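# Summary of structural features
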Amino acid sequence: MKDERNHCNLFVADHHNKAVRTVAVADGHVGTFVKSNLLYNIHGVAQDRLGTLYLTANNAIITVNYNRREAVLLAGTSTHQHGLIDGGYLTARFSIVQEIVFVRENLLMVADLGNHKLRLIDLISRSVSTVDFCGSQHASGCLDLRSPISIYVEEGAVVVGMSGKVLKLTCKCSFTAP
């Protein structure tokens, strides 16, 4: 993902080294932005306008302040506890979170692979909720997301990459980029 503060860098999740790497676009130089044991099983990277990184790592959402470069638990748990619990940041539980994207300023969406769900993280109310696709036009009444891995959000739609297929879900949502 492109560094919003320094447009010459890309951020890359380094799963095996529990780190976020920077790659200089101009010359390909690779550096370490942050390394932490909290970044176990890191997958997704999103960045807000101020430069704060939001990372998915195992069963947690981690933040990294752009200037301090210190990984801090935001939501979920840094242990191997998993589950499907909505609520406040530290009450909420995830199961192998993957992609993370901003759907609008102060609202993130996460692909929760182990729970087969999309989750919302509200930075204002400091809460986590599960996106409900029940009532969608599907035979069972509820949409079954099998192993969501990637997410792309556009006005009125969420594109979800899953094991073996891609779905474009339309909704009466007002998602705008941060």
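In this report, the structure presented in the accompanying data block is examined.

About the cut-offs
The residue count restarts for each chain, going from 1 along the sequence in the order it is written. The model is predicted, so local features are restricted to residues of pLDDT at least 70 and side-chain atom pairs to those at 80 or more, both for listing and for counting; the totals for chains, interfaces and linings are taken over all residues. Only hydrogens and water are removed before side-chain values are computed, so all heavy atoms of the structure are retained for them. Three exposure classes are used, based on accessible area relative to the maximum for each residue type with a 1.4 Å probe and protein chains only: buried under 20%, partly exposed in between, and exposed over 50%. Strands here are runs of E lasting at least two residues and helices are runs of H or I lasting at least four, both read from the DSSP assignment and numbered beginning at the N terminus. By the convention used here, strands pair only if DSSP detects at least 2 bridges between them. It only takes one pair of heavy atoms within 4.5 Å for two residues to be counted as in contact. Two aromatic rings, drawn from Phe, Tyr or Trp (for Trp, its six-membered ring), form a pair once their centres lie within 6.5 Å of each other, and the interplanar angle then sorts them: stacked below 30 degrees, edge-to-face above 60, tilted otherwise. For every element, the axis is a line fit to its C-alpha atoms; helices are fit only across the contacting stretch, and the angle between N-to-C directions ranges from 0 to 180 degrees.

### A closer look at the pairing of strand β2 (residues 19–24)
By the criterion of burial, β2 is predominantly enclosed, with five of the six residues buried. Counted between consecutive antiparallel strands, the loop separating strand β1 (residues 9–14) from β2 contains four residues, among which Lys-18 sits at a positive phi close to 50°. As paired strands, β2 and strand β3 (residues 30–35) are joined by five bridges and run antiparallel to one another. In the sheet register, Ala-19 faces β3, and the bridge partner there is Lys-35. Taken together, β2 and the strand that follows it, β3, pair antiparallel across an intervening segment of five residues, in which Gly-28 is found at a positive phi of about 80°.

### Quick notes on the environment of Leu-113
With respect to the secondary-structure elements, Leu-113 resides in the loop between β10 (107–112) and β11 (117–122). As a C-alpha pair, Leu-113 and Pro-148 span 35 residues in sequence and 5.2 Å in three-dimensional space. Look past the residues within four positions of Leu-113 in its chain and what remains in contact with it is Ser-95, Ile-96, Gln-98, Ser-147, Pro-148 and Ile-149.

### Some points on the side chain of Thr-22
In this fold, Thr-22 is placed in strand β2. When sequence neighbours within four positions are dropped, the list of residues in contact with Thr-22 reads Asn-9, Leu-10, Phe-11, His-29, Val-30, Gly-31, Thr-32 and Phe-33.

### Section: the sheet that holds β11
The sheet built from five strands is open, its strands ordered β8-β12-β11-β10-β9 with antiparallel pairing. Each having just a single partner strand, β8 (87–88) and β9 (97–104) make up the two edges of the open sheet. In this structure, β11 lies alongside strand β12 (residues 127–130), joined through four bridges in antiparallel fashion. Bridge pairing links Leu-120 to Ser-129 in β12.

### As for the packing of aromatic side chains
For the coordinates displayed, the defined rule picks out three aromatic pairs. Pairing Tyr-54 with Phe-102 gives two aromatic rings, centres 5.6 Å apart and planes at 90°, and the pair type is edge-to-face. Separated by 48 residues along the polypeptide, Tyr-54 in strand β5 (residues 53–57) and Phe-102 in strand β9 bring together distant segments of the chain. Here Phe-102 falls in the buried class, since its relative accessible area comes to 13%. Among the aromatic residues, ring-to-ring pairing joins Phe-11, Phe-33 and Tyr-66 into one connected group.

### Things to note about the sheet that holds strand β13 (residues 148–154)
If you walk across this open sheet you meet the three strands as β13-β14-β15, and the pairing is antiparallel. Looking at strand neighbours, the two that pair on one side only are β13 and β15 (165–170), the edges of this open sheet. On average, adjacent strands in this sheet sit at an angle of 20° to one another, irrespective of strand direction. Where strand β14 (residues 157–162) lies against β15, six bridges are found, and the strand directions are antiparallel. Across the sheet, the residue bridging to Ala-157 is Thr-170, located in β15.

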